[in-house]
Amino acid sequence: MLDSTSFFAFILGFLILALTMKRKETKKTVLLPEILRRNKPVFRWIHSHMEELNTDIACIRLANTHVIPVTSPRIAQEILKKQDSIFASRPLTVGTEYCSRQYLTVAVVPQGEQWKKMRRVVASHVTSQKSFKLMLKKRAEEADNLVRGNGFEVIDTRFVVRQYSGNVARKMMFGVRHFGKGSEDGYGPGFEEIEHVDSLFTVLTHLYAFALSDYVPWLRFLDLEGYEKVVSSAMRNISKYNDPFVDERLMQWRDGKMKEPQDFLDMFILAKDADGKPALSEEEIKAQVTELMLATVDNPSNAAEWAMAEMINEPSIMQKAVEEIDRVVGKDRFVLESDLQKLNYVKACVKEAFRLHPVAPFNLPHMSTADAVVDGYFIPKGSHVLISRMGIGRNPNVWDKPLKFNPERHLGNNKNVDLNDQDLNLISFSAGRRGCLGSSIGSAMTYMLLARLIQGFTWSPVPGECKIDISESKSDIFMAKPLHAIASPHLVPQVYPT
Ligand code: HEM
């Protein structure tokens, strides 16, 4: 399979990187041989060109589409806050068509009636403060399952944090953590959960993957990069587990076997429109269930994995976080969500992971529905604006020593640390009418995940390695090698759930 940049070059002959400098316009033509020689993933190619040209905004013409990457908080604010109404749509891609069952959901759907309806239902029934509180018990159960067992062993931390996120997602959605029997001891995942979580991640990495046919739709039938095959197969895996749950629950409500809503799925089923009729069709429920699972699993697990790796390599940071938990919570019980308010240092570690190691290089794309001028740059209607989470979080004009993991930078005047950044100096939950609907759940999940891992265990690199290898994958920005580390119990045995 060819790299997608090479495809663009191959099909279009050449690419134009048109950089509209304020009040004067320069164009740089990047020729086919240059692109082929570099042969990088598209996001790295875009960022390295922007760095070379010393710009925070660029315009890359891919076939007829203007793609506008942005790496400055000031320009991001203008797009996501001041001119939000113009930039609130989403482009269509092969990946999003599959994951949303042809655009029945909220997150990947273009601006319009369907998006409005689904956003209203999700916001009022699922991600409201009331539901957040209702789901506390389910999140707490998973936080306990995370620290079950107190052995001294090498942990595949990526596997653990991804399975934790999958478990929380399934618990909140369906009220269960396992589709099947789970592992032999009954606590770990069985092959069903492993396949489910792996498939969610496969879909996530293909949603906005710069597939050639996202820009040249008539080429779609060729599926040149093979993305369509991969996404459709991963979606079949996910649906194979999710859909029977939805079917069964619908039946239970119809048969009067259910009385009170227990989880998000019940809330979707019970949601009513203005005439008191069910707000969502069966197909919409199935689509939205999957989309919320996608939205739940990746950010918390990625942030926790990176934070752990950085903190194992910098024992003084780990020490401060552990001391804070020991001081606030003590050593005879595990941290609870109600403690989080007092765990500013731990929260700053999470925030630093979000800044330096976001789960994806770009925010979900925003598409403009009218011509606009942003910070003096003309942006034509239909442009795809890619706010760079990576570029903003690592922008040297915004952050001192941006590549250093330094949680202290978020502590400021001792105010309560919050993953949301009003000034968009880092993009965590974004802002505006497309802003994240799950910030309370996402924050609680990520804080608890990191807090429990560092409270429950003392961590060190595996024998033979004195440091964790924290290099970044070339093709995405996950850790190149999944984090493996030794965990030994930090608390007395009686504290660990059995
Ligand atoms: C730490 C965890 C999370 C992070 C960092 C995060 C971040 C984001 C970001 C960056 C966006 C795109 C915003 C934009 O387009 O400008 C988004 C959208 C969204 N998120 Fe989250 N998210 C998290 C967890 C969740 C959870 C747990 C849920 C729900 C259970 C959720 C539901 C949504 C929805 C529905 C959207 C789409 C909003 C729209 O397009 O109208 N997210 N999230």
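The model shown is predicted, which means the values in this text are computed figures rather than measured ones. (Residues numbered from 1 in each chain as written. Predicted model: local features only at pLDDT ≥ 70, side-chain atom pairs only at ≥ 80, totals over all residues. Heavy atoms only, no water.)

Some remarks on the UniProt feature "binding site: heme" (unreviewed entry) in the chain
(1) Moving on: The positions that UniProt labels "binding site: heme" (unreviewed entry) are, in the present scheme, Cys436.
(2) Moving on: Take Cys436: it is sitting in the loop between helix H16 (389–393) and helix H17 (439–456). (UniProt positions renumbered as here; feature names shortened; annotations may be inferred. Helix = DSSP H or I, 4+ residues; strand = E, 2+ residues; numbered from the N terminus.)

Here's the deal with the pairing of strand E4 (residues 65–70)
(1) Moving on: Judged by how many residues are buried, E4 sits mostly within the fold: 5 of 6 residues are covered.
(2) Moving on: Here strand E3 (residues 59–62) pairs with E4 via 3 bridges, running antiparallel. Of the residues in E4, the one forming a bridge with Arg61 is His66.
(3) Moving on: Adjacent in sequence and paired antiparallel, E3 and E4 are bridged by 2 residues, among which Ala63 carries a positive phi angle near 50 degrees.
(4) Moving on: The pairing of E4 with strand E9 (residues 384–387) spans 4 bridges and is classified as parallel. The residue of E9 that forms the bridge with Ile68 is Val385. (Buried < 20%, exposed > 50% of the residue type's maximum accessible area, 1.4 Å probe, protein only. Pairing = 2+ DSSP bridges.)

What to know about the environment of Met235
(1) Moving on: Mapping Met235 onto the fold places it in helix H11 (residues 227–254).
(2) Moving on: We classify Met235 as buried; its relative accessible area is 6%.
(3) Moving on: Separated by 76 residues in the primary sequence, Met235 and Met311 place their C-alpha atoms 35 Å from one another.
(4) Moving on: The residues contacting Met235, other than those within four sequence positions of it, are Tyr98, Cys99, Val203 and Thr290. (Contact = heavy atoms within 4.5 Å.)

Observations regarding the site of the ligand
(1) Moving on: Taken together, 27 residues lie around the ligand, and Arg90, Arg119, His366, Ser430 and Cys436 are the ones closest in.
(2) Moving on: Note that an oxygen atom of the ligand is positioned 2.5 Å from one of the side-chain N or O atoms of Ser430.
(3) Moving on: Among the elements of the structure, helix H6 (113–126), helix H13 (282–313) and H17 are those that each provide at least two residues to the shell around the ligand.
(4) Moving on: Top contributing element to the shell around the ligand by residue count: H13, with 5 residues.
(5) Moving on: Residues belonging to the shell around the ligand are distributed by class as follows: 12 nonpolar, 11 polar and 4 charged. (Near = heavy atom within 4 Å. Polar contact = N/O pair within 3.5 Å; in protein donor to acceptor, adjacent residues only side chain to side chain. Nonpolar A, V, L, I, M, F, W, Y, C, P; charged D, E, K, R; others polar.)

Looking at the sheet that holds strand E11 (residues 484–489)
(1) Moving on: Read across the sheet, 3 strands follow the order E5-E11-E10 without closing on themselves; strand pairing throughout is antiparallel. Looking at which strands have only one partner, the edges of the open sheet turn out to be strand E5 (153–156) and strand E10 (457–460). Within this sheet the neighbouring strands show an average axis-to-axis angle of 40 degrees, counted without direction.
(2) Moving on: One ladder, built from 4 bridges, connects E5 with E11; its direction is antiparallel. Pairing of Asp156 across the sheet is with His484, part of E11.
(3) Moving on: Together, E5, E10 and E11 form the strand contacts of helix H9 (residues 157–174), whose direction differs from that of E5 by roughly 55 degrees. (Axes fitted to C-alpha atoms, helices over the stretch in contact; angles between N-to-C directions.)

Points about the packing of aromatic side chains
(1) Moving on: With the rule as written, the count across this model stands at 9 aromatic pairs.
(2) Moving on: Centre to centre, the rings of Phe174 and Phe245 are 4.5 Å apart; their planes meet at 10 degrees, and the pair counts as stacked. One end of the pair, Phe174, is in helix H9; the other, Phe245, is in helix H11, and 71 residues separate them in sequence.
(3) Moving on: What links up through ring pairs into an aromatic cluster is the set Phe174, Phe179, Tyr241 and Phe245.
(4) Moving on: Above the ring of Phe478, the side-chain terminus of Arg162 is found at 5.0 Å from the ring centroid.
(5) Moving on: A cation over a ring is seen here: Arg355 above Trp399, with NZ or CZ 5.3 Å from the ring centre. (Phe/Tyr/Trp six-rings, centres within 6.5 Å; stacked < 30°, edge-to-face > 60°. Lys NZ or Arg CZ within 6 Å of the ring centre and 35° of its normal.)

Things to note about the nonpolar core
(1) Moving on: Phe268, Ile285, Val289, Met311, Leu450, Ile454 and Trp459 are the most contacted members of the largest nonpolar core, which totals 108 residues.
(2) Moving on: Looking at this core, the element that brings in the most residues is H13, giving 14 residues.
(3) Moving on: Here Ile285 is in contact with Val246, Leu250, Leu265, Phe268, Ile269 and Leu280, once residues within four sequence places are set aside.
(4) Moving on: Formed by 20 residues, the second largest nonpolar core is a distinct cluster that contains Cys59, Ile86, Leu424 and Ala431. (Core = buried A, V, L, I, M, F, W, Y, C linked by side-chain atoms within 4.5 Å.)

Considering unusual backbone geometry
(1) Moving on: Of note, the phi angle at Ala63 is positive, near 50 degrees, even though the residue is not glycine.
(2) Moving on: Structurally, the position occupied by Ala63 is in the loop between E3 and E4.
(3) Moving on: Even without glycine at this site, Ser430 takes up a positive phi of about 65 degrees.
(4) Moving on: As for its placement among the helices and strands, Ser430 is situated in the loop between H16 and H17.
(5) Moving on: The exposure class of Ser430 is buried, given its relative accessible area of 14%.

A look at the packing of H13 against helix H15 (residues 344–356)
(1) Moving on: Across the interface, H13 lies against H15 with an axial gap of 9 Å and an inter-helix angle of 105 degrees. Our classification of the angle between H13 and H15 gives roughly perpendicular. For the pair H13 and H15, contact is made by Asn299, Ala303, Ala307, Glu310 and Met311 and by Cys349, Ala353, Phe354 and Leu356, respectively.
(2) Moving on: For the contact of H13 with H15, a count of residues per class yields 7 nonpolar, 1 polar and 1 charged. (Parallel < 35°, antiparallel > 145°, perpendicular 65-115°, else oblique.)

Here we look at the pattern of salt bridges
(1) Moving on: Using the criterion set out here, one finds 27 salt bridges in the structure.
(2) Moving on: Residue Lys137 is joined to Glu141 by a salt bridge in which the shortest nitrogen-to-oxygen separation is 3.3 Å. Placement of both Lys137 and Glu141 in helix H8 (residues 136–146) is noted, with a separation of 4 residues, approximately one turn of the helix.
(3) Moving on: Its relative accessible area of 60% is what places Lys137 among the exposed residues.
(4) Moving on: Between Glu305 and Arg158 there is a salt bridge, with the nearest N and O atoms lying 3.0 Å from each other. Pair noted here: Glu305 is in helix H13 and Arg158 is in helix H9, with a separation of 147 residues, a long-range link. Arg158 shares its class with Glu305; the two are buried.
(5) Moving on: Residues joined by salt bridges that share partners form a network here, namely Lys137, Glu141, Glu142, Lys171 and Arg177. (Salt bridge = Lys/Arg side-chain N within 4 Å of Asp/Glu carboxyl O.)

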